[in-house]
Amino acid sequence: MAFTPLHDRVVVRRVEGDEKTAGGLIIPDNAKEKPAEGEIVAVGAGARDEDGERIAMDVKAGDKILFGKWSGTEITLDGEELLIMKESDILGVIA
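1. Focus on the pattern of salt bridges
Right, on to step 1. A full pass over the atoms with the stated rule returns 4 salt bridges.
Right, on to step 2. The salt bridge partner of Asp8 is Lys86, with a shortest N-O separation of 3.6 Å. With Asp8 in the segment before strand S1 (9–14) and Lys86 in strand S5 (residues 80–86), this residue pair connects regions lying 78 residues apart in the sequence.
Right, on to step 3. When its relative accessible area of 16% is taken as the criterion, Asp8 is described as buried.
Right, on to step 4. A salt bridge links Asp63 to Lys60; the shortest N-O distance between them is 3.0 Å.
Right, on to step 5. Relative accessible area serves as the criterion here: at 11%, Asp63 is assigned to the buried category.
Right, on to step 6. Classification of Lys60 as exposed rests on a relative accessible area of 54%.

As structure tokens, this is what we get:
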């Protein structure tokens, strides 16, 4: 991918949700909610503090994360739907 996010932004690929409920019912496409879990594809260099020093990012490419339902901006790069969001929109890293 020839795209690098700036500052404290990350590019995220959503992880697809389950196709069935716990009881075995198949969920139709129009009833599915967009998953709030994803994998980081690319990371910016980090924001700058008041002195101009870089603040290191807490996440890296390849991390699996949870984010808010309405977080980020949807984009399409190389035919793939991705999200760009600030690091502060990330709720946590899945170990």
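The discussion continues.
2. Regarding the environment of Ile90
Right, on to step 1. Considering the arrangement of structural elements, one finds Ile90 in strand S6 (residues 90–94).
Right, on to step 2. Taking relative accessible area as the criterion, Ile90 reaches 13% and is therefore assigned buried.
Right, on to step 3. When the C-alpha positions of Ile90 and Ser71 are compared, they lie 8.2 Å apart, and in sequence the two are 19 residues distant.
Right, on to step 4. Setting aside anything within four residues of it in sequence, one finds Ile90 in contact with Val10, Ile40, Val59, Ile65, Leu66 and Met85.

3. A closer look at the environment of Phe67
Right, on to step 1. With respect to the secondary-structure elements, Phe67 resides in strand S3 (residues 64–67).
Right, on to step 2. C-alpha separation for the pair Phe67 and Val12, spaced 55 residues apart in sequence, amounts to 9.9 Å.

4. Re the sheet that holds S1
Right, on to step 1. Pairing in this open sheet of 6 strands is antiparallel, and the strands run S4-S5-S1-S2-S3-S6 from one edge to the other. Of all the strands in the sheet, just strand S4 (73–77) and S6 have a single pairing partner and so form its edges. Averaged over all neighbouring strand pairs, the angle between strand axes comes to 45 degrees, with direction disregarded.
Right, on to step 2. As paired elements, S1 and S5 share 4 bridges and run antiparallel to each other.

5. Let's talk about the confidence of the model for the chain
Right, on to step 1. In this model, the chain carries a mean pLDDT of 85, and residues with pLDDT of at least 70 account for 81%.
Right, on to step 2. No element of the chain has a lower mean pLDDT than S4, at 91, and none a higher one than S3, at 94.

6. Examining a nonpolar patch on the surface
Right, on to step 1. A cluster of nonpolar residues, Leu66, Leu91 and Ile94, forms a patch on the protein surface that exposes about 280 Å² of accessible area.
Right, on to step 2. Along the chain, Leu91 falls in strand S6.

Procedures and definitions
- Residues numbered from 1 in each chain as written.
- Predicted model: local features only at pLDDT ≥ 70, side-chain atom pairs only at ≥ 80, totals over all residues.
- Heavy atoms only, no water.
- Salt bridge = Lys/Arg side-chain N within 4 Å of Asp/Glu carboxyl O.
- Helix = DSSP H or I, 4+ residues; strand = E, 2+ residues; numbered from the N terminus.
- Buried < 20%, exposed > 50% of the residue type's maximum accessible area, 1.4 Å probe, protein only.
- Contact = heavy atoms within 4.5 Å.
- Pairing = 2+ DSSP bridges.
- Axes fitted to C-alpha atoms, helices over the stretch in contact; angles between N-to-C directions.
- pLDDT = per-residue confidence, 0-100.
- Patch = residues over 30% accessible without salt bridge, like charges linked within 9 Å, V, L, I, M, F, W, Y side chains within 5 Å.
- Areas by Shrake-Rupley, 256 points an atom, 1.4 Å probe, with all protein chains shown as cover.

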